[in-house]
Amino acid sequence: MPTTTLAVHTTPASAGAPTRPPVLLLHGFAASAEEDFLAAGWPAALTAAGHDVHAVDLPGHGDSPAVSGDAASTSAIVAALAAVVDALGTEVDVVGYSLGARLAWELPAATGRVRRLVLGGLSPFEPFAAVDAAAVARAADVVEIAGDPAATGTTATSPAAPDPLTAMLADMVSAPGRDTASLVVLMAGLGSQPFDPASGGPSVPTLLVAGTDDPMTQGLDAVAAGLPDARVLRVPGDHRGALDSAEFRAAAVAFLD
């Protein structure tokens, strides 16, 4: 299985703080470790509590390399994340948000080194399963999508304006600084292996965090009920706002400690 080497931004625990397991931070789709976690103050809160922090850029995001082909599948990305964990050589805690939460769900089984999980903004369904990656590529005016002919198109041949979901995703993947080709391929790869929480889940203690105004997390209580050791916490905000809430950070630090 192709494995991508990922960029990792490391912040050591504060001097004099208690010694606690390192924390892996996994950001959301079309974002980066810097945007979702570093700029929002997450490392400061975790390092003060005694955790080394390793914030990962997912494939095709941030400082990680472009991704194409089989390396864009869910299983390949989880394998790349498991390699990051295994390289640390110790038990870790994981905080994932949105796409990062969906990928973190798989990590305990993939590595055997995960102690606790904090999953924020987790959608009980696979949002990319119903996405037409080729339509997003056309709307984003991408002529070639990382060597994947199935997701190739141009706006010149598009017969009609894209639907609202396609237009929204096209705006996300083509925003300044984004690797548009990689992001479109990732949508197709993730959608090909849809998230199904009913097929099994992490056995480690898990905190599920959702914004009170986040429609993507509807049904999260049923997901928690299917896990052996999980609880749900609602914090202020929508899908993005919840990640930035002080309540989320404080609850995560308390849960991991």
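Pairing is possible between side chains of opposite charge, provided their charged atoms come close. If you walk through the whole model with that rule in mind, you get nine salt bridges. The closest approach of N and O atoms between Arg115 and Asp93, which form a salt bridge, is 2.8 Å. Here the residue Arg115 occupies a position in strand S5 (residues 114-120), and Asp93 occupies one in strand S4 (residues 92-97), the gap between them amounting to 22 residues. Owing to a relative accessible area of 0%, Asp93 belongs among the buried residues under this scheme. Note that Arg234 and Asp221 form a salt bridge whose closest N and O atoms lie 3.3 Å from each other.

The geometry of an aromatic ring pair is captured by two quantities: the separation of the ring centres and the angle between the planes. Going through the model one piece at a time under the given rule, you end up with five aromatic pairs. Ring geometry for Tyr97 and Phe248: centres 5.9 Å apart, planes at 45°, overall tilted. Highlighted residues: Tyr97 in strand S4 and Phe248 in helix H10 (residues 246-256), separated in sequence by 151 residues. For Tyr97, a relative accessible area of 4% translates into the label buried. The structure contains a cluster of three or more aromatic residues connected by ring pairs, namely Phe37, Trp42, Tyr97 and Phe248. Over the ring of Phe255 we find Arg116, and its NZ or CZ is 4.6 Å from the ring centre.

Here we come to the sheet that holds strand S3 (residues 53-56). Backbone hydrogen bonds hold the strands of a sheet together, and the pairing may be parallel or antiparallel. With mixed pairing, seven strands are arranged side by side in an open sheet as S1-S3-S2-S4-S5-S6-S7. Of all strands in the sheet, those bounded by a partner on one side alone are strand S1 (8-11) and strand S7 (230-235). The sheet shows a mean angle of 20° between the axes of neighbouring strands, direction not considered. One ladder, built from four bridges, connects S1 with S3; its direction is antiparallel. Paired with Val8 across the bridge in S3 is Val56. Running over the sheet, H10 touches strand S2 (23-26), S4, S5, strand S6 (206-211) and S7 and is turned about 165° from S5.

Its 15 residues place the ends of helix H3 (residues 74-88) 22 Å apart at the C-alpha level, agreeing with the 21 Å of an ideal helix rising 1.5 Å per residue. Of the positions making up H3, those classed as buried are Thr74, Ala76, Ile77, Val78, Ala80, Leu81, Ala82, Val84 and Val85. Remark: Gly89 follows H3 within two positions and exhibits a positive phi of approximately 70°.

Attention shifts here to the nonpolar core. One finds Phe29, Leu81, Val94, Leu107 and Met187 to be the most contacted residues of the largest nonpolar core, which totals 53 residues. At seven residues, H3 tops the list of elements feeding residues into this core. Formed by 23 residues, the second largest nonpolar core is a distinct cluster that contains Val209, Phe248, Ala252 and Val253.

The next subject is the environment of Ala109. Take Ala109: it is sitting in helix H5 (residues 107-111). When the C-alpha positions of Ala109 and Val204 are compared, they lie 9.8 Å apart, and in sequence the two are 95 residues distant.

Rules of the game
Residues numbered from 1 in each chain as written. Predicted model: local features only at pLDDT ≥ 70, side-chain atom pairs only at ≥ 80, totals over all residues. Heavy atoms only, no water. Salt bridge = Lys/Arg side-chain N within 4 Å of Asp/Glu carboxyl O. Helix = DSSP H or I, 4+ residues; strand = E, 2+ residues; numbered from the N terminus. Buried < 20%, exposed > 50% of the residue type's maximum accessible area, 1.4 Å probe, protein only. Phe/Tyr/Trp six-rings, centres within 6.5 Å; stacked < 30°, edge-to-face > 60°. Lys NZ or Arg CZ within 6 Å of the ring centre and 35° of its normal. Pairing = 2+ DSSP bridges. Axes fitted to C-alpha atoms, helices over the stretch in contact; angles between N-to-C directions. Contact = heavy atoms within 4.5 Å. Expected span 1.5 Å × (residues − 1). Core = buried A, V, L, I, M, F, W, Y, C linked by side-chain atoms within 4.5 Å.

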